[in-house]
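Tertiary structure, described
Single-letter residue listing:
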Amino acid sequence: MNLHEYQAKQLLKNFGVRVLGGNPVYQNSEINKAVDSISTPVMVVKSQIHAGGRGAGKFKNSGDDKGGVRVSMTKDEAKLNAEKMLGKILVTKQTGSEGKIVNRLYIEEGCDIKKEFYLSILVDRSSSSISIITSTEGGMEIEEVAEKEPENIVTVNVAGEENLSSNTLETLIKGLGIKEDQSDDFSIQIQSIYSAFLGTDASLVEINPFVLTGENNFIALDAKISIDDNALYKHKNIADMRDETEEEAAEVEASKHELNYIKLDGNIGCMVNGAGLAMGTMDIIKLNGGSPANFLDVGGGATKERVAKAFSIILQDENVKAILVNIFGGIMKCDIIAEGIVSAAKELSIKVPLIVRLEGTNVDLGKNILSKSNLDIISADNLDDAAQKAVSSIN
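Report follows, based on the coordinates. (Residues numbered from 1 in each chain as written. Predicted model: local features only at pLDDT ≥ 70, side-chain atom pairs only at ≥ 80, totals over all residues. Heavy atoms only, no water.)

1. Topic: the overall build of the protein
Of regular secondary structure, the protein possesses 13 helices and 19 strands. Overall, the protein is about 75 × 50 × 40 Å in size when its C-alpha atoms are taken along their principal axes. Here the protein holds 395 residues, and 49% of them are scored as buried. Of the contacts made within the protein by residues no fewer than 6 positions apart, 69% connect residues no fewer than 24 positions apart. Just so you have it, the protein exposes about 18700 Å², and 48% of that area is on carbon and sulfur atoms. Averaging the coordinates of the 41 positive side-chain charges in the protein and doing the same for the 58 negative ones gives two points 4 Å apart. (Helix = DSSP H or I, 4+ residues; strand = E, 2+ residues; numbered from the N terminus. Buried < 20%, exposed > 50% of the residue type's maximum accessible area, 1.4 Å probe, protein only. Contact = heavy atoms within 4.5 Å. Areas by Shrake-Rupley, 256 points an atom, 1.4 Å probe, with all protein chains shown as cover. Lys, Arg positive; Asp, Glu negative; His and termini not counted. Charge placed at Lys NZ, Arg CZ, Asp CG, Glu CD.)

Have a look at this one:
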């Protein structure tokens, strides 16, 4: 689950991370109070959307090209900027041309920036460790730095202990050129950010930029946090921060029915049990010249009702021209899936070609249920056959 910047900073502050004061704004009537409470003469008005590149973004159909993050030199300027941004559609390199509606703003204090750094902490599955990635090139996309100036990136892998070792901190200090009179505060802030990563069960904490101020203090000037969905049951306060307006409606609905669904831009809907098999199914569709419309894992213990809901969610995508069902029966038996397919096909009056490949526990019972349904279901013998039939059904 992704958090907005202001939410991420609330969490970081709880762990002792230094952040600037600021106020979230949800509606125009809150702008004046939010701005007037800022004590610094300079302040920043920030669009709150789940996408990067806000500062370089453009507001759609507004003729306003100042971006989604604006430094304001007076209170009146900040109020005007907020009014121009709230409720408008911001287009960035990560939103696509459709953009995202700015439903929330964050109005924050200004500060004297002496030096900008990049900092992120994430789970590194390849090494089964936690990676701390830093760079002297703060404010830039880390991918761009890696491509153009890889020597400016310092990475340290740690095993996940509660406290960072002195060797780890020393490596970061030397790699970033942190001066001796700055090293104590740097170490304290890095440890606090790391503690926040562990304490919130985050999969990513990214601070860009992580700045050194004129007072030689380190501050998280921007913050992005992603929380492991599987750990949200332990953090009700974080789960309550979820902003469903920033997510695909179908993905939100799917999560409420224990379905793992991600919308893609293809036209062949996929319903599969098991994440690995779902990935393989999408790969074979691509190999046969097709394009998957989604990732959808119904899980190992799906019921007839959950299968019907899966079909319903797939069909919400108007781009879907065919549906491929690929089930390997283990815990979830093929006859149960077949009953769910037949029930859903009748209830939803599925009009697009429906290709079904069943294998595993009770496969013969499942195939018999499908054949006796009198429905126009295309049966497949194996996964490659299913993909070929799905692709040919829409060509």
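2. Let's talk about empty space enclosed by the protein
Counted under the stated rule, the structure contains one cavity of 30 Å³ or more. The volume enclosed by the largest cavity comes to roughly 40 Å³. Considering the residues around the largest cavity, the lining is formed by V356, R357, L358, K367, L370, I377, S379 and A380. When residues of the lining of the largest cavity are traced back to their parent elements, those giving at least two are β18 (354–360), α12 (363–371) and β19 (377–379). Take the lining of the largest cavity: its biggest share by element is three residues, from β18. Taken together, the residues of the lining of the largest cavity sort by class into five nonpolar, one polar and two charged. (1 Å grid on protein atoms, 1.4 Å probe; cavity = no way out; pocket = protein on both sides within 12 Å on 5 of 7 lines; lining within 4 Å. Points joined across faces, edges and corners; volume = space filled by probe spheres on them. Nonpolar A, V, L, I, M, F, W, Y, C, P; charged D, E, K, R; others polar.)

3. What about helix α9 (residues 275–287)?
An α-helical turn contains 3.6 residues, so a residue and the one three or four places further along point in the same direction. In this model, α9 (13 residues) spans 18 Å end to end at C-alpha, consistent with the 18 Å of a helix rising 1.5 Å per residue. Buried residues of α9: A278, T281, M282 and I285, and no others. Burial along α9 is one-sided: seen end-on, the buried residues are contained in an arc of 95°. Exposed residues lying more than 90 degrees from the buried face of α9 are G276, D283 and L287. Against the buried residues of α9 lie β15 (268–272), β16 (294–297), β17 (322–329) and α13 (383–393). Positive phi shows up at G289, right after α9, with a value of about 90°. (Expected span 1.5 Å × (residues − 1). Arc of directions from axis to C-beta.)

4. Notes on the sheet that holds strand β3 (residues 58–59)
An order of β3-β5-β6 is seen for the three strands of this open sheet, with the pairing classed as antiparallel. Each end of this open sheet is capped by a strand with a single partner; those strands are β3 and β6 (100–101). Bridge count for strand β5 (residues 89–91) against β6 is two bridges, and the pairing is antiparallel. What sits directly across from I89, in β6, is I101. (Pairing = 2+ DSSP bridges.)

5. Quick notes on the packing of aromatic side chains
A complete count under the given rule lists six aromatic pairs for this structure. Arranged with centres 5.4 Å apart and planes meeting at 70°, the rings of F186 and F218 form a pair that is edge-to-face. Linking F186 in helix α6 (residues 180–199) with F218 in strand β12 (residues 218–220), this pair joins segments that are 32 residues apart in sequence. A ring pair is formed by F210 and F218, whose centres lie 5.4 Å apart and whose planes are at 25°; its orientation type is stacked. Comparing F210 with F218 shows no difference in burial state: the two are buried. An aromatic cluster is defined as three or more aromatic residues linked by ring pairs; in this entry it consists of F117, F186, F210 and F218. In this structure, K115 packs its charged tip against the face of F117, placed 5.7 Å from the ring centre. (Phe/Tyr/Trp six-rings, centres within 6.5 Å; stacked < 30°, edge-to-face > 60°. Lys NZ or Arg CZ within 6 Å of the ring centre and 35° of its normal.)

6. Things to note about the sheet that holds strand β4 (residues 69–72)
A sheet is described by the order of its strands in space; here four strands give the open sequence β1-β7-β2-β4, paired in antiparallel fashion. Every interior strand has two partners, whereas the edge strands, β1 (22–25) and β4, have only one. Adjacent strand axes in the sheet meet at a mean angle of 15° when their direction is disregarded. Bridge count for strand β2 (residues 43–47) against β4 is four bridges, and the pairing is antiparallel. In the strand pairing of β4, K46 is matched with V69. (Axes fitted to C-alpha atoms, helices over the stretch in contact; angles between N-to-C directions.)

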